[in-house]
Amino acid sequence: MSLRSLLARKPFLLFIEAHNPLSAIIADRTKVAGDDGLEREFDGIWSSSLTDSTSRGLPDIEVLDVRSRLANLAEIRAVTAKPIIMDGDTGGNADNFAINARAMALTGVAAVIIEDKTAQKRNSLFGTKVKQTLAPVEDFCDKLARGKTALAGHDMMVIARCESLIAGLGAQDALDRAHAYVAAGADGIMIHSCQSSPAEVTHFAALFRERHPRVPLVCVPTTYNGSYAAELRAAGFNIVIYANHLLRAAYKSMATVASAILAHGRTAESEPLCISVSEILNTIPAGAPAAKPAAAPAAEPEMWSRTS
Ligand code: SPV
Ligand code: MG
């Protein structure tokens, strides 16, 4: 099912980052029973430039090229049928984006999000501590339109990511840009912020919704991590992306175990911190089936429509 069809059936989706097939298996299989008796699971996978780069020992500056990232995504596709949203960084120049967008669609990417920064792109969570330069609106609109044209016949969505708030340019700049991007053909808007409060993204969402009640809106609550999914849904967002947590969790856990082994001179103390060998063997048994077809979306847990 395409992301567009999924959104039509279930207008609020949760995506979580995966940077390799094993983390994608965790993203795919994690299920939690809620108090309401309904099972919760993630709706899809975020392919993050930050975690893809970091897991390969590279900085998040678009040095990891699109073809390498797509090779990684092809491996991830083999273990999950959940939709994948690819972080397309700036998309490169418009010519490159038009070519790469088709390659993404052919790899099975459900949506790409490209951001309106210019090279050299720095990670948004630096905020204004580093120079964040935004592309001229017309250039970015051209890139979006070129990508959409190249994708004729494919169902992959192109979502425009607005970095005005990251660059300290304020809500009006974000709004002007978002309206222009929708007019240029963007299938959705991601608004990013590195504040610890959700106030600036919820303010943006309210203003954006006045003109575009239905265009999918995406947010990434890494820094405003006190916000519940239900609150972001109530603010008008359709997709929430948990953008880097599986990599950060894995790094912390690996570092803890590595230190414990050195400190104790043996591994017994580390065992409780590790999944057992038999569990690992059973996670990926010989002859394991490839990704199962995506099931129809689960009923929405009530918690995602409640705000308190
Ligand atoms: C990523 O996950 O690579 C993103 C989101 O682009 S952020 O790191 O917040 O910029
Ligand atoms: Mg990124």
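Residues numbered from 1 in each chain as written. Chains lettered and ligands numbered in written order. Predicted model: local features only at pLDDT ≥ 70, side-chain atom pairs only at ≥ 80, totals over all residues. Heavy atoms only, no water.

In this section: the site of ligand 1. Neighbouring ligand 1 are Trp46, Ser48, Ser49, Leu50, Asp87, Asn123, Ser124, Leu125, Arg161, His192 and Ala243. Here an oxygen atom of ligand 1 sits 2.7 Å away from a polar atom, N or O, in the side chain of serine 48. Asparagine 123 places a side-chain nitrogen or oxygen 2.9 Å from an oxygen atom of ligand 1. Look at ligand 1: alone it shows 280 Å² of surface, and the protein chains cover 99% of it. (Near = heavy atom within 4 Å. Polar contact = N/O pair within 3.5 Å; in protein donor to acceptor, adjacent residues only side chain to side chain. Areas by Shrake-Rupley, 256 points an atom, 1.4 Å probe, with all protein chains shown as cover.)

Only Ser49 (OG) and Asp87 (OD) from the protein reach the magnesium ion (ligand 2) as donors, at distances of 2.1 Å. Placement of serine 49 in helix H3 (residues 49–55) and of aspartate 87 in strand S5 (residues 84–87) is noted, with a sequence separation of 38 residues between them. In this structure aspartate 87 comes out as buried when scored by relative accessible area, which is 3%. (Donors = N, O, S within 2.8 Å, 3.2 Å for Na, K, Ca; no water. Helix = DSSP H or I, 4+ residues; strand = E, 2+ residues; numbered from the N terminus. Buried < 20%, exposed > 50% of the residue type's maximum accessible area, 1.4 Å probe, protein only.)

Turning next to the side chain of serine 47. Examined against the element boundaries, serine 47 turns out to sit in strand S4 (residues 44–47). Relative accessible area serves as the criterion here: at 1%, serine 47 is assigned to the buried category. Leaving out residues up to four positions away in the same chain, serine 47 has contacts with Ala18, Asp52, Arg69, Leu73, Ile84, Ile85, Met86 and Asp87. (Contact = heavy atoms within 4.5 Å.)

Turning our attention to the packing of aromatic side chains. Tallying each qualifying case throughout the model produces three aromatic pairs. Ring centres of phenylalanine 42 and tyrosine 242 lie 6.5 Å apart, and the angle between their planes is 70°; this geometry places the pair in the edge-to-face category. Of the two residues, phenylalanine 42 is situated in the loop between strand S3 (39–41) and S4 and tyrosine 242 in strand S10 (residues 239–242); the sequence distance between them amounts to 200 residues. Summarising the aromatic geometry, the rings of phenylalanine 204 and phenylalanine 208 are spaced 5.7 Å apart at their centres and angled 15° between planes, so their arrangement reads as stacked. Within this pair, phenylalanine 204 and its partner phenylalanine 208 are both found in helix H8 (residues 199–211), separated by four residues, close to a single helical turn. Over the aromatic face of phenylalanine 126 sits the side chain of arginine 122, whose NZ or CZ is 4.8 Å from the ring centroid. (Phe/Tyr/Trp six-rings, centres within 6.5 Å; stacked < 30°, edge-to-face > 60°. Lys NZ or Arg CZ within 6 Å of the ring centre and 35° of its normal.)

A word on the sheet that holds S10. An order of S1-S4-S5-S6-S7-S8-S9-S10 is seen for the eight strands of this closed barrel, with the pairing classed as parallel. Strand after strand, the sheet turns through a mean of 25° between neighbouring axes, direction not considered. As defined by bridge partners, strand S1 (residues 13–17) adjoins S4 across three bridges and the pair is classed as parallel. Paired with phenylalanine 15 across the two strands is glycine 44, which belongs to S4. (Pairing = 2+ DSSP bridges. Axes fitted to C-alpha atoms, helices over the stretch in contact; angles between N-to-C directions.)

Covered by surrounding structure in S5 are Ile84 and Met86 together with Ile85 and Asp87, the residues of both alternating faces. Pairing between S4 and S5: three bridges, direction parallel. Each residue of the ladder has a partner; that of tryptophan 46, found in S5, is isoleucine 85. The sheet contact formed by S5 and strand S6 (residues 111–115) spans three bridges and is parallel. Directly across from aspartate 87, in S6, lies its bridge partner isoleucine 113. Crossover handedness for the path S5 to helix H5 (residues 94–107) to S6: right-handed. (Right-handed = clockwise from strand over helix to strand, strands pointing away.)

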